[in-house]
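Survey of secondary and tertiary structure
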Amino acid sequence: FDVNSQSLTVMTFNIRLNTSSDSLDAWPYRKDIAASQILFYNVHLLGVQEALHDQMMDLQQRLPNYKTFGGGRDDGKTKGEYSAIFYDDARLEKLDGAMFWLSQTPDVPGSKGWDAAITRMVTWCKFKDKQTGKIFFAFNTHFDHIGKVARAESAKLVLQKVKSIAGTTPVIFTGDFNAKPSDEPIQIIVDAANPDRLIDTKAISQTPHYGPEGTFTGFASKERDNEPIDHIFIKNNVKVLKHATLSESWQGRFSSDHFPVIAV
C-alpha cells in the first residue's frame, strides 16, 4: 500500500470494545484479524477508538514494532475506552503528547460535555518522521453517539485546539466522529469560510476513493449507510495520495463493527 518511501500510511479504526454480548463477533475472535489488517497495510500511524485496556495490551502484543500513546477516557490512565495512537517506532519519533476532554473543562480528565451521553476525549502527539525529518501533529478522537450539541461543540473545540497546539505545522486528525459528511459536526470541521478548518483526505485524494462509502456495519453483512462516520482529516499542506475503506471479511465476518479507514 506504500506509494513511496516518503509517504506515510495512516489508519483510523474503531475496534469495538470487548464485550461478550457480541457473541462470535466478540474481541477474542477478532483480535488476530484486526492486528493482521494493521500489519498488512504497513500502517505508520493508527488512531484507535473504543479500545479498553485489555484490548490495548492485546494489540501491543501483536504489533511489537509499534509504540502507543494515550489513556482511558474515564481517568486519562487505564479506565474506560482509549482513543489512543499507535505509531511505527522505526519511522516515527514522539516528541510530545497529551490528552484533552471534549467538554467545557477540557483539562479535567473524565469530564463530560454538553448533552453527551458519555465521556469523550482527544489524544494528540507531536511526531518527527525519522525518514524525512518532518515534524507533524497527530490527533485522534471519538465523538459522542447521542449528544447533538456535544458533537457540534466538540467540532468547534477541536478546531480551536488544533490551532493552538499545532499552529501552522502539518496535522493529521483521525477519528470516529459519529457524524456523516452531511451532518453539522463535519460541516463545522470542513467549513470553507473558516480559516481554521480541516480538510477531508477523501475529498483531495489523488487516487479516487477505494472501497465502500459507509464505514459502520454493526456486524451486519454490509455497511449500514452509504456515508462514512469515520474520517481522516488534514491541515497545513498535507498531500493525500490514496484513501480507502477496508471491507475485507473472514468467512463473512469483519474485524470490527466499523471498517478501518486508511489514507496515504
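Residues numbered from 1 in each chain as written. Predicted model: local features only at pLDDT ≥ 70, side-chain atom pairs only at ≥ 80, totals over all residues. Heavy atoms only, no water.

**So, the sheet that holds strand β4 (residues 85-88)**
Taken in spatial order, the six strands of this open sheet run β3-β4-β2-β1-β12-β11, and their pairing is mixed. Edge positions in the open sheet fall to β3 (66-69) and β11 (243-245), since each of these has one partner strand only. Strand-to-strand twist in this sheet, taken as the mean axis angle between neighbours without regard to direction, amounts to 15°. When β11 meets strand β12 (residues 261-263), the two strands line up antiparallel, connected through three bridges. By the bridge assignment for β12, threonine 245 is matched with valine 261. In this fold helix α1 (residues 27-40) packs onto β1 (10-14), β2 (45-49) and β3, with an angle of close to 165° to the strand it touches most, β1. (Pairing = 2+ DSSP bridges. Helix = DSSP H or I, 4+ residues; strand = E, 2+ residues; numbered from the N terminus. Axes fitted to C-alpha atoms, helices over the stretch in contact; angles between N-to-C directions. Contact = heavy atoms within 4.5 Å.)

**Concerning the sheet that holds strand β6 (residues 121-129)**
Sheet architecture is open: six strands sit in the order β5-β6-β7-β8-β10-β9, paired in mixed fashion. The sheet is open, and its two edges are formed by β5 (92-101) and β9 (199-200), each paired on a single side. Looking at chain direction, β5 and β6 are connected through nine bridges and run antiparallel. In the sheet register, lysine 94 faces β6, and the bridge partner there is phenylalanine 127.

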